[in-house]
2 protein chains.
Amino acid sequence: MTANSDVFSWWPGLFGPDDLFNPREHFIICPNILGSHYGTSGPLTVNPKTGKPYLHDFPQYTVRDMVQVHHHLAQHLGIEKIWLLIGGSLGGQQALEWSIQEPDRFEHLALIATNARHSPWGIAFNESQRMAIALDPSWATHKPEAGMQGMRAARSMALLSYRHYDTYQDSQQEPTDEKTDGFRAATYQQYQGKKLFQRFNAYSYWHLSKAMDSHHVGRGRGGLQAALQQVKANTLVVGINRDVLFPPDEQYLIASGIPGAVYLEIDSRFGHDGFLIETAAFGKILNRFLHPATVNVES
Amino acid sequence: MTANSDVFSWWPGLFGPDDLFNPREHFIICPNILGSHYGTSGPLTVNPKTGKPYLHDFPQYTVRDMVQVHHHLAQHLGIEKIWLLIGGSLGGQQALEWSIQEPDRFEHLALIATNARHSPWGIAFNESQRMAIALDPSWATHKPEAGMQGMRAARSMALLSYRHYDTYQDSQQEPTDEKTDGFRAATYQQYQGKKLFQRFNAYSYWHLSKAMDSHHVGRGRGGLQAALQQVKANTLVVGINRDVLFPPDEQYLIASGIPGAVYLEIDSRFGHDGFLIETAAFGKILNRFLHPATVNVES
């Protein structure tokens, strides 16, 4: 959602010079997403009709629109077939949507910690975050830097949905018994809010969360099951058992709807963020999925 | 946390004219808590030194201070022994703390969906909510109505920690496939924020969350285990399996530390809020705990 197109920087262990997906063996493309802070058209882009940035007037778009941009990029690059389409979370939502829009384009599809339709629970998390952004008195000013303080609180909230109780037990416990205020866990939330503040903008954050809310591969296609059946790629779906935001039931639903799909579940104390962290486990699973071992049957 | 002292209104099914805890058989006292909106001293109370409400200057207090107020109330009413002390969530934190401060006062102790020390996870949720309140431009005005818009967003966040993914699946799903915006789950968050806005104040909300953060029965007592061992009441601890905010491990830890305590776990799709809703289950469990059946051994 807030990542850029430098996949080596944010998915190391899976993508890198010596990882399963390395540029010696693979031609890797990680496109920016529509509306993001990092490229492709977004709310800070200048509207040619007014000569000013779109900001609040950036049109509402959906995951399907993001996929259209990816489609155009592939056409522009002259890429017809894609060996593997992989994504987690919002990236997985796009990957699934694209596999339904163009079933013949993809040989393999790998979906991690994602869903086929964004849940009421996920929408409620996003709405709470937008409430925080809307509270920021600068949000009404229509300036490029509007809503940034609100986004700090929104990010703090979002982080809780990306992690798990156990993540905080492991890393944010107090070393002593004596404090009654100024807790490490509270400071950590402020710190995470500040980190996003320094690298993102509130308009993109707002619109991306709206696009995520809209995600529903069954819309206009006769429902979820009818949509999932259109996927032709060889599909692997991976869930994370402690994922608070995209619980494993959602990945299981995808796998059970796509013909021949394989479902696997991993354990991670990092919750949803495990999709960025448990790369050793994903590497093994993906390697086996993409390069099935020859079975030696001794005679 | 935001409830008042009318326990018949907020814990029906367990407390009421025909419930397990009814005024025919029991003398029931549900005291307000220090710093609340509904009574006892709080941030809106007039500071006798200035003639104006305390507001931001209300001193930071802890769960131990709340318990001191309960102690003084009991002394004032001439109550020496208490047959049953029961509480859930912040109420359970107070009940446990009081049972450690005055082990001889209580015959039975029932703790539901609570903990012995507030978790880093819980503190992070509270901090995110305070970030939302602090965003409200009125929060700096030092008026009694300050921070109320911020509290709406805070409540929306809090609600997610009180519920569970499954709660939203059950009640907030869209009836159709066609929407791309204006989702029921989003409206629901706004509605819940508004409801609290109409009945509470942001200063109390802020201070109560700070008091909750400070909760740690082991502070100054040689740690958690040493503190729990001081409880003399006959103790029942109940956890809710889908409680996101106070997961069952926390209740199990309490029960394993209190001599002779019984631990039970119930299933609820309402998550933490199950402590207010699953009263039929709690009624059965509590009835058996308080009135053990005579065992008939046939000869």
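Just so it is clear, the structure is predicted and the values come from calculations on it, not from any experiment. (Residues numbered from 1 in each chain as written. Chains lettered and ligands numbered in written order. Predicted model: local features only at pLDDT ≥ 70, side-chain atom pairs only at ≥ 80, totals over all residues. Heavy atoms only, no water.)

The next thing to look at is the sheet that holds strand E4 (residues 106-112) of chain A. Residues and elements named next belong to chain A. If you walk across this open sheet you meet the four strands as E3-E4-E5-E6, and the pairing is parallel. A strand with exactly one partner marks an edge of an open sheet, and here the two such strands are strand E3 (82-88) and strand E6 (262-266). Within the sheet, the average angular offset between the axes of one strand and its neighbour, ignoring direction, is 15°. Where E4 and strand E5 (residues 234-240) come together, five bridges link them in parallel fashion. In the strand pairing of E5, His108 is matched with Asn234. This element, helix H3 (residues 90-101), spans E3 and E4 of the sheet and lies at about 140° to E3. Of the strands in this sheet, E4, E5 and E6 touch helix H10 (residues 248-257), which is tilted by about 165° from E5. (Pairing = 2+ DSSP bridges. Helix = DSSP H or I, 4+ residues; strand = E, 2+ residues; numbered from the N terminus. Axes fitted to C-alpha atoms, helices over the stretch in contact; angles between N-to-C directions. Contact = heavy atoms within 4.5 Å.)

What follows concerns the confidence of the model for chain A. Overall, the prediction assigns chain A a mean pLDDT of 96, with 98% of residues at 70 or greater. We note a pTM of 0.96 for the whole complex and an ipTM of 0.95 for its interfaces. (pLDDT = per-residue confidence, 0-100.)

It is worth spelling out the pairing of strand E3 (residues 82-88) of chain B at this point. Residues and elements named next belong to chain B. Across the seven residues that make up E3, a large majority, six, are buried. Of the strand pairs in this sheet, E3 and strand E4 (residues 106-112) are connected by six bridges, and their pairing is parallel. Within E4, the position partnered with Leu84 by the bridge is His108. Note on the crossover from E3 through helix H3 (residues 90-101) to E4: the handedness is right-handed. (Buried < 20%, exposed > 50% of the residue type's maximum accessible area, 1.4 Å probe, protein only. Right-handed = clockwise from strand over helix to strand, strands pointing away.)

So, about H3(B). Given 3.6 residues to a turn, an α-helix orients residues that are three or four positions apart in the same direction. Residue and element names in this part refer to chain B. Taking 1.5 Å of rise per residue, the twelve residues of H3 would be expected to cover 16 Å, and the 17 Å separating its terminal C-alpha atoms lies within 8% of that figure. Burial within H3 is extensive, with ten of its twelve residues counted as buried. For H3, the set of buried residues is Leu90, Gly92, Gln93, Gln94, Ala95, Leu96, Glu97, Trp98, Ser99 and Ile100. Summarising the contacts, the buried residues of H3 are in contact with helix H2 (63-77), E3, E4, helix H8 (202-214), helix H9 (224-228) and helix H10 (248-257). (Expected span 1.5 Å × (residues − 1).)

Take the domain arrangement of chain A next. Residue and element names in this part refer to chain A. Examined at the domain level, chain A breaks down into domain 1 (1-30 + 61-118 + 215-299) and domain 2 (120-213). Every contact between the two is made by 20 residues of domain 1 and, on the other side, 24 residues of domain 2. Interface area for domain 1 against domain 2, summed over the two sides, is near 2100 Å², with a carbon-plus-sulfur share of 59%. It is Met1, Thr2 and His118 that lose the most area in domain 1 upon contact with domain 2, and together they represent 34% of the buried surface on that side. Where domain 1 packs against domain 2, one counts three salt bridges. The shortest N-O distance in the salt bridge between Arg163 and Asp273 comes to 2.7 Å. There are eleven residue pairs in polar contact (both at pLDDT 80 or more) connecting domain 1 and domain 2. For the side of domain 1 that touches domain 2, the elements supplying multiple residues, two or more each, are helix H2 (63-77) and H3. Here the residues of the side of domain 1 that touches domain 2 are counted per class, giving nine nonpolar, eight polar and three charged. (Domains from an automatic or database assignment. Buried area = accessible area lost by both parts, 1.4 Å probe. Salt bridge = Lys/Arg side-chain N within 4 Å of Asp/Glu carboxyl O. Polar contact = N/O pair within 3.5 Å; in protein donor to acceptor, adjacent residues only side chain to side chain. Nonpolar A, V, L, I, M, F, W, Y, C, P; charged D, E, K, R; others polar.)

Moving on: the sheet that holds E4(B). Consider a sheet: its strands pair through backbone hydrogen bonds, and that pairing is either parallel or antiparallel. Residue and element names in this part refer to chain B. The strand order across the open sheet built from four strands is E3-E4-E5-E6, with neighbouring strands paired in parallel fashion. Each of the sheet's edge strands pairs with one partner strand only, and the pair in question is E3 and strand E6 (262-266). Taken over all neighbouring pairs, the strand axes of this sheet differ in orientation by 15° on average, direction set aside. Sheet strands touched by H3: E3 and E4. Its angle to E3, the strand with the most contacts, is close to 140°. Sitting on the sheet, H10 touches E4, strand E5 (234-240) and E6, and the angle it makes with E5 is about 165°.

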